[in-house]
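Architecture and fold: a report
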Amino acid sequence: MNRAFAVMTALICLLFASAGFADQPHPWQIDFQAAATPIMHQIRWFNHYTLWFIVPTTLLVLALLVVVVVKFRASANPVPSRTSHNTAIEIIWTLGPVLILFFLAIPSFNLLNAQLEIPDSDMTVKATATQWQWNYEYEGTPAPVAFDSFMLKDQDRAAAGKTDAAVYPRLLAVDNEMIIPVNKTVRVLVTAAPSDVIHAFAMPAFGVKIDAVPGRLNETWFKAEKEGLYYGQCSELCGKDHAYMPIAIRVVSEDKYKTWLAAAATDLPGAYKALVAAVDKPAGNFAVAANESK
């Protein structure tokens, strides 16, 4: 009995582990990652809101199918009704979907407007996709800062100071993250290199997903509300290494960001090592969003 209780407890922990603040996918995750931006808060709310329409509608249709199968099968109803019209039913099945769509449309349009209306930004970063990496350019900075971001290889973990697989997971961690200050509105210009293919810049915890198209400049925005290390991936099937094109955004305090930005202009590897050392002390205790509960 105790063993069965322990097994059930373990399963419950696995199923509901995603309820914490998540910055990366987790086993048995059945919901969106926890929101780290105002837009993602709206997306999660809208997702849960729609369930109040989807679940009753699904159950109603299932119940009607069961009634039809049981009550109107040939053996129980050998002489079928020849009724061809029912005014009341036709009014209900016309007005019902119209009302449901009305209650879904209003919050949906509000969310879409919030995503597409770019507010006054504190900074701008250009993200350029190529097969198979990301290049980031910080615009409007005192000194130019631009760098490539590759998936972190296992043999490079020690040199980069990123040996903790819980914080820097395999296939998601990168050598150079996009560094962003907390509580700042960031405008992101997204494109793909000329003569390349279509990619997609996606960061689930931020509620951001937008295509990177060669020869076209798309834009999106986010405002990270808490410090942490957040992971996404290219979400467009872009070629043989599509699964090895992660996106990592590290949100830090404004002071740490300014220190990193000043150092990155002249010594990018040194700036990253200093930043990682500052936020990972003691090692492995970096404030990863997945482990926060406040």
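Scroll up to find the structure.
My aim in this report is to walk through the structure given alongside it, one point at a time. (Residues numbered from 1 in each chain as written. Predicted model: local features only at pLDDT ≥ 70, side-chain atom pairs only at ≥ 80, totals over all residues. Heavy atoms only, no water.)

1. Quick look at a nonpolar patch on the surface
There is a patch of nonpolar side chains on the surface, built from Leu51, Ile54, Val55, Leu59, Leu62, Val66, Val69 and Val70 and spanning about 710 Å² of accessible area. Tracing the chain through its elements places Val55 in helix H2 (residues 38-71). Note on Val55: relative accessible area 43%, which makes it partly exposed. (Patch = residues over 30% accessible without salt bridge, like charges linked within 9 Å, V, L, I, M, F, W, Y side chains within 5 Å. Areas by Shrake-Rupley, 256 points an atom, 1.4 Å probe, with all protein chains shown as cover. Salt bridge = Lys/Arg side-chain N within 4 Å of Asp/Glu carboxyl O. Helix = DSSP H or I, 4+ residues; strand = E, 2+ residues; numbered from the N terminus. Buried < 20%, exposed > 50% of the residue type's maximum accessible area, 1.4 Å probe, protein only.)

2. Section: the environment of Val252
With respect to the helices and strands, Val252 occurs in strand E10 (residues 246-252). On the basis of relative accessibility, which here comes to 1%, the residue Val252 falls in the buried class. The spatial distance from the C-alpha of Val252 to the C-alpha of Ile179 is 7.3 Å, given a sequence separation of 73 residues. Beyond its immediate chain neighbours, meaning those up to four positions away, Val252 contacts Ile179, Ile180, Pro181, Val182, Glu227, Tyr257, Leu275 and Val279. (Contact = heavy atoms within 4.5 Å.)

3. Considerations on the pattern of salt bridges
Considering all chains together, one arrives at 9 salt bridges under this definition. A salt bridge links Arg44 to Asp31; the nearest nitrogen and oxygen atoms lie 3.6 Å apart. With Arg44 in helix H2 and Asp31 in the loop between helix H1 (2-15) and H2, this residue pair connects regions lying 13 residues apart in the sequence. Taking relative accessible area as the criterion, Asp31 reaches 27% and is therefore assigned partly exposed. Residues participating in the shared-partner salt-bridge network are Asp154, Arg157 and Arg170.

4. Section: unusual backbone geometry
Look at the link from Gln131 to Trp132: it is a cis peptide, with omega at -5°. Structurally, Trp132 can be placed in the loop between strand E1 (123-130) and strand E2 (133-139). Despite not being glycine, Trp28 has its phi angle at roughly 65°, a positive value. Within the fold, Trp28 resides in the loop between H1 and H2. A positive phi angle, close to 60°, is found at Ser195, a residue other than glycine. If you trace the backbone, Ser195 turns up in the loop between strand E5 (185-192) and strand E6 (199-203).

5. Remarks on the nonpolar core
Nonpolar side chains in soluble globular proteins tend to be buried together. Judged by nonpolar contacts, the single largest core of 45 residues is most densely connected at Trp134, Tyr136, Tyr138, Phe201, Phe206, Ile249 and Trp260. Sorting elements by how many residues they give to this core places helix H6 (residues 268-279) first, with 5 residues. Contacts of Ile249, omitting those with residues within four sequence positions, involve Met178, Ile180, Phe201, Met203, Phe206, Phe222, Gly228, Leu229 and Tyr230. (Core = buried A, V, L, I, M, F, W, Y, C linked by side-chain atoms within 4.5 Å.)

6. Notes on the sheet that holds E2
The strands that make up a sheet pair up through hydrogen bonds in the backbone, lying either parallel or antiparallel. Across the sheet, 5 strands lie side by side as E3-E2-E1-E5-E8; this open sheet has mixed pairing. The strands lining the two open edges of the sheet, one partner per strand, are strand E3 (145-149) and strand E8 (218-223). Looking at each pair of strands side by side, their axes are set apart by 25° on average, direction ignored. Pairing analysis gives 6 bridges linking E5 to E8, with the strands arranged antiparallel. By the bridge assignment for E8, Arg187 is matched with Trp221. The sheet strands contacting helix H5 (residues 254-264) are E1, E2 and E3, and the helix crosses E3 at an angle near 90°. (Pairing = 2+ DSSP bridges. Axes fitted to C-alpha atoms, helices over the stretch in contact; angles between N-to-C directions.)

7. Structural notes on the pairing of strand E4 (residues 178-181)
Residues in a regular strand project their side chains so that they alternate between the two faces of the sheet. Neither face of E4 is exposed, since Met178 and Ile180 on one face and Ile179 and Pro181 on the opposite face are all buried. In terms of strand pairing, E4 meets E10 through 4 bridges, oriented parallel. The partner of Ile180 across the bridge, within E10, is Val251.

8. Quick word on the pairing of strand E9 (residues 228-233)
The buried fraction of E9 is high, at 5 of 6 residues. Pairing geometry for E9 and E10, over 6 bridges, is antiparallel. When the bridges of E10 are listed, Gly232 appears paired with Ile247.

9. Brief notes about the sheet that holds E4
Strand order in the open sheet made by the 3 strands is E4-E10-E9, with mixed pairing throughout. With one partner strand each, in any of the chains shown, E4 and E9 form the two edges of the open sheet. Pairwise comparison of adjacent strand axes, ignoring direction, gives a mean angle of 25° for this sheet. Strands in contact with H5 are E4 and E10; relative to E4, the strand with the most contacts, it is inclined by about 140°. Its contacts with the sheet place H6 against E4 and E10, and it is angled at close to 65° to E10.

Interpretation in functional terms is not warranted from these geometric data alone.
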